[in-house]
Amino acid sequence: MKNTKHTVVLAALVMLALPLSHYSYAAVPPPGEDLFGMYADDNFNGDPSDENPTFVLVDVAMVQVYIYLTDVSASSIGAFEFTLVYTGPGEPPYMTDLGLPPQGINVGTDPDIIVGVGTPLLPNEHGHAILLSPTYFVYDSDPVYVVVTPTSIPAVPGQISYVGYDDPEIIRAMNPASGNFIDPIFAFNTGLVATESTTWSSVKALYR
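**Q** Which residues make up the packing of aromatic side chains, and what values go with them?
**A** Tallied over the full model, the rule gives nine aromatic pairs. Geometrically, the ring pair formed by Tyr39 and Phe44 is edge-to-face, given 4.7 Å between the ring centres and 75° between the ring planes. The same class applies to Tyr39 as to Phe44, namely buried.

**Q** Got a sec to walk through a nonpolar patch on the surface? Specific residues and values, please.
**A** There is a patch of nonpolar side chains on the surface, built from Val60, Met62, Tyr94, Phe137 and Tyr139 and spanning about 530 Å² of accessible area. By the element assignment, Met62 lies in strand β3 (residues 61-64).

**Q** A description of the side chain of Asn43 should follow, citing residues and the corresponding values.
**A** Among the structural elements, Asn43 can be located in the loop between β1 (35-39) and β2 (55-56). With a relative accessible area of 18%, Asn43 lands in the buried category. Here Asn52 takes part through its side chain, which lies 3.4 Å from a polar atom of the side chain of Asn43.

**Q** Describe the pairing of strand β11 (residues 144-149), and please don't skip the residues or the numbers.
**A** Here β11 lies mainly inside the structure; six of its six residues are buried. By the alternation rule, side chains of β11 split into Val144, Val146 and Val148 and Tyr145, Val147 and Thr149, which are all buried. Note: strand β5 (residues 77-87) against β11, five bridges, orientation antiparallel. Note on β11: the bridge partner recorded for Val85 is Val147. Sheet topology note: the β11/strand β14 (residues 186-188) ladder contains three bridges and is antiparallel. Pairing of Val144 across the sheet is with Phe188, part of β14.

**Q** Tell me about unusual backbone geometry, and please be specific about residues and values.
**A** Omega for the peptide link from Asp110 to Pro111 comes to 10°, which places this bond in the cis form. For Asn189, which is not glycine, the phi dihedral falls at a positive 65°. In this structure, Asn189 sits in the loop between β14 and α2 (200-205). Taking the relative accessible area as the measure of exposure, Asn189 reaches 12% and is therefore buried.

**Q** I'd like a description of the pattern of salt bridges, backed by residues and values.
**A** Taken as a whole, this structure holds one salt bridge when the rule is applied. Between Asp167 and Arg172 there is a salt bridge, and its shortest N-O distance comes to 2.8 Å. When its relative accessible area of 18% is taken as the criterion, Asp167 is described as buried.

**Q** Go over the nonpolar core with me, naming the residues and quoting the values.
**A** Within the largest apolar cluster, 34 residues are counted, with the highest numbers of intra-cluster contacts made by Phe36, Phe80, Phe82 and Leu131. Once residues within four sequence positions are removed from consideration, Phe80 is found in contact with Ile113, Ile114, Val115, Leu121, Leu131, Leu132, Ser161, Tyr162 and Met174. Counting five residues, the second largest nonpolar core, distinct from the first, contains Tyr39, Tyr66, Tyr68 and Ala177.

**Q** So what's going on with the confidence of the model for the chain? Residues and values would help.
**A** Predicted confidence across the chain gives a mean pLDDT of 82, with 75% of residues reaching 70 or more. Within the chain, the lowest mean pLDDT, 38, falls on α2, and the highest, 98, falls on strand β12 (residues 160-163). Throughout residues 11-26 the model reports pLDDT below 50, and contacts reaching past four residues in sequence, or to other chains, amount to 47 contacts.

**Q** Lay out the side chain of Thr83 with the relevant residues and their values.
**A** Among the structural elements, Thr83 can be located in strand β5. By relative accessible area, Thr83 is classed as buried at 4%. If we skip the residues at most four places from it in the chain, Thr83 touches Pro111, Asp112, Val147, Val148, Thr149, Pro150, Thr151 and Ser152.

**Q** Summarise the sheet that holds strand β6 (residues 94-97); cite the residues concerned and give the values.
**A** Taken in spatial order, the three strands line up as β3-β10-β6 in an open sheet, and their pairing is antiparallel. Two strands bound the open sheet, and with one partner strand each, they are β3 and β6. Between one strand axis and the next, the sheet turns through 30° on average, direction left out of account. In terms of strand pairing, β3 meets strand β10 (residues 135-138) through four bridges, oriented antiparallel. From the neighbouring strand, Val63 faces β10, where its bridge partner is Tyr136.

Calculation criteria
- Counting of residues starts from 1 at the beginning of each chain's written sequence and follows it residue by residue.
- Local features in a predicted model are, by the rule used here, given only for residues with pLDDT of at least 70; side-chain atom pairs are given and counted only at 80 or more, and totals for whole chains, interfaces and linings are based on all residues.
- The side-chain figures draw on all heavy atoms in the structure; neither hydrogens nor water molecules are used.
- Each Phe, Tyr or Trp ring, with Trp reduced to its six-membered ring, pairs with another whose centre is within 6.5 Å; inter-plane angles below 30 degrees give stacked pairs, above 60 give edge-to-face pairs, and intermediate values give tilted ones.
- For every residue, the accessible area (1.4 Å probe, protein chains only) is compared with the maximum for its type, and the residue is labelled buried under 20%, exposed over 50%, or partly exposed between those bounds.
- Surface patches are defined over residues having more than 30% relative accessible area and no salt bridge, joining like charges when they lie within 9 Å and nonpolar side chains (Val, Leu, Ile, Met, Phe, Trp, Tyr) when within 5 Å.
- Accessible surface area values rest on a Shrake-Rupley calculation with a 1.4 Å probe, where residue burial reflects the displayed protein chains alone.
- Any carboxyl oxygen of Asp or Glu that lies within 4 Å of a side-chain nitrogen of Lys or Arg is treated as forming a salt bridge with it.
- What counts as a helix is a DSSP run of H or I of at least four residues, what counts as a strand is a run of E of at least two, and both are numbered from the N terminus.
- Here a polar contact is recorded for every N or O atom pair within 3.5 Å, except that within protein the pair must consist of a potential hydrogen donor and a potential acceptor, and residues adjacent in sequence are included only if both atoms are side-chain atoms.
- Paired strands, in this sense, are two strands between which DSSP finds at least two bridges.
- Among buried residues, those of type Ala, Val, Leu, Ile, Met, Phe, Trp, Tyr and Cys that are joined through side-chain atoms within 4.5 Å constitute a nonpolar core.
- Note on contacts: a residue pair qualifies if any of its non-hydrogen atoms lie within 4.5 Å across the two residues.
- The score called pLDDT rates the predictor's confidence residue by residue, from a low of 0 to a high of 100.
- Interaxial angle, 0 to 180 degrees, is taken between N-to-C directions of lines fitted to C-alpha atoms, where a helix line uses only the stretch in contact.

Written out as structure tokens, the structure is:
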């Protein structure tokens, strides 16, 4: 019954939103379909000579980052849901703007993010879509890690989800780029964050 209700909610969001100093990395996402990740730049363009790190080193500043769904399996995106969790040792940065897509609305209660769009959110020519482009005020120079988790009442238990604009009755899983809901997908004021192909424990060993 809950799944049916959430399917209706996510589908309804499509209608509700109607007019109303880095390391070097390739700008290609980790392999896998419908991967959810946060990145420092918006340049997933298929060019391996570019970079798109999973961290920013900003000390104290305003910074914009990009939440991507890469290798999108649907032809378009109509709504999505997830929660971001921030862990220290540093104080969590303050999000000054969610960076919604065009005609997007967030109906989630903090910290849940539940967004619907009034026009289809289309993957780019490389198959990737920017879900959000939030701006943060980073006021602590100590490291902070970002983990993605399901919302407090997820559409599908144990899952972060999205629906297509044209087929909102089908709830699709978004897969964390870290491979799970425990390891970080992004970091402020510290280096490399593991993706699916690298274990978090092995990365932490680099900074001991």
